[in-house]
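The chain contents come next:
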Amino acid sequence: MGFAGVDTLDSDRVVRRLRTAPDELTPDEARSVAATLLADAAFSEPYCEWLPTWYELALIAPVRYADWRLRRVVSAVTDRASVTATAPRFSRPTDVRIDGAPALSRVSGFRERFLLADSLLHLEWFDHVAAADGIEVPTDLVARTREESLSYYGGERDRLSPDVRRFQRHLFADDRWVRRVDEAYGLDSRLFGLWERLLRGERRRLRDD
């Protein structure tokens, strides 16, 4: 997207240090790691609320366990570097109205809810993590992406404006992350496979639209 500040941190170096020498993380690097992990920790429980009840009930226990584990890692990272970091507050369906109606009133089925949730919560995740990394994301673009995406995925809008569509196309690229996690841990997870297909399909549709 050409945002300013994308080279503020060397992400490859941060990953190497986190894996092999976490004590060598600089304060800025430690804040970046902590902000990302806190965002990951806080992301899944509100995400579940956007999806059908069976999904939330099936995943709430592992989601809360993952939250606990990630926060333990964050505590170790921030203590070593003597820095602080905060978690974002992600939107829940009860917080949101779309085109004047309750957030989930115009969507049905797993796919529709999944895409609506991702279009909003991944935007909020990225905005939080980008700020911690020194990446300057224009506030007006974030605001327009939120407004247009909510209306497009859960309301009455039939198209996204070109820059919002491009932004969302990048945000939906998490299919690659899902695949890498599934392969790295040897999960062969049907659920991860479903996430990957939905994200990849939407990313490609936005590209071709």
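Residues numbered from 1 in each chain as written. Predicted model: local features only at pLDDT ≥ 70, side-chain atom pairs only at ≥ 80, totals over all residues. Heavy atoms only, no water.

### A short note on unusual backbone geometry
Piece 1. The residue Ser82 is not glycine, and still its phi comes out positive at about 55°.
Piece 2. Of note, Ser82 is situated in the loop between helix H3 (53-81) and strand E1 (97-98).
Piece 3. Looking at Ser82, the relative accessible area reads 67%, which means it is exposed.
Piece 4. Even without being glycine, Asp99 reaches a positive phi, approximately 50°.
Piece 5. Among the structural elements, Asp99 can be located in the loop between E1 and strand E2 (101-102). (Helix = DSSP H or I, 4+ residues; strand = E, 2+ residues; numbered from the N terminus. Buried < 20%, exposed > 50% of the residue type's maximum accessible area, 1.4 Å probe, protein only.)

### Section: the environment of Ala81
Piece 1. On the secondary structure map, Ala81 appears in helix H3.
Piece 2. On the basis of relative accessibility, which here comes to 18%, the residue Ala81 falls in the buried class.
Piece 3. When the C-alpha atoms of Ala81 and Leu25 are compared, they prove to be 7.1 Å apart, with 56 residues separating the residues in sequence.
Piece 4. The contacts of Ala81, once residues within four sequence positions are left out, are Pro27 and Ala30. (Contact = heavy atoms within 4.5 Å.)

### Brief notes about the packing of helix H2 (residues 27-49) against H3
Piece 1. In the contact formed by H2 and H3, the axes pass within 8 Å of each other and the chain directions differ by 165°. The angle between the axes of H2 and H3 places the two elements in the roughly antiparallel class. Crossing hand, H2 versus H3: left-handed.
Piece 2. Residue composition of the contact of H2 with H3, grouped by class: 18 nonpolar, 2 polar and 7 charged. (Axes fitted to C-alpha atoms, helices over the stretch in contact; angles between N-to-C directions. Parallel < 35°, antiparallel > 145°, perpendicular 65-115°, else oblique. Left-handed = near helix turned anticlockwise from the far one by under 90°. Nonpolar A, V, L, I, M, F, W, Y, C, P; charged D, E, K, R; others polar.)

### Some thoughts on the side chain of Arg165
Piece 1. Along the chain, Arg165 falls in helix H6 (residues 162-171).
Piece 2. With residues near it in sequence (within four places) discarded, Arg165 still touches Arg159, Leu160, Leu206 and Asp209.

### Observations regarding the environment of Ser44
Piece 1. Positionally, Ser44 belongs in helix H2.
Piece 2. For the pair Ser44 and Ile60, spaced 16 residues apart in sequence, the C-alpha separation works out to 8.5 Å.

### Some points on the nonpolar core
Piece 1. Of all hydrophobic cores here, the largest spans 46 residues; its most connected members are Trp50 and Phe114.
Piece 2. Elements supplying a minimum of two residues to this core: H2, H3, helix H4 (110-132), helix H5 (139-154), H6, helix H7 (174-184) and helix H8 (190-208).
Piece 3. When residues of this core are assigned to their parent elements, the largest contribution, 11 residues, is made by H4.
Piece 4. When near neighbours in sequence (up to four residues on either side) are disregarded, Trp50 contacts Ser91, Arg92, Pro93, Val96, Ala103, Leu104, Arg113, Leu116, Ala117, Leu120 and Leu121.
Piece 5. Core analysis: the second largest hydrophobic core is formed by 11 residues, Leu25, Ala34, Leu38 and Val77 among them. (Core = buried A, V, L, I, M, F, W, Y, C linked by side-chain atoms within 4.5 Å.)

### Brief notes about the packing of aromatic side chains
Piece 1. Tallied over the full model, the rule gives 14 aromatic pairs.
Piece 2. Aromatic pair Tyr65 and Trp68: ring centres 5.8 Å apart, planes at 35°, arrangement tilted. In this pair, Tyr65 and Trp68 are both assigned in helix H3, 3 residues apart and thus about one turn of the helix distant.
Piece 3. Residue classification places Tyr65 among the partly exposed residues on the basis of a relative accessible area of 47%.
Piece 4. According to the relative accessible area criterion, Trp68 is partly exposed, its value standing at 45%.
Piece 5. Cluster of aromatic residues (ring-pair linked, three or more members): Phe43, Tyr47, Trp54, Tyr55, Phe90, Phe110 and Phe114. (Phe/Tyr/Trp six-rings, centres within 6.5 Å; stacked < 30°, edge-to-face > 60°.)

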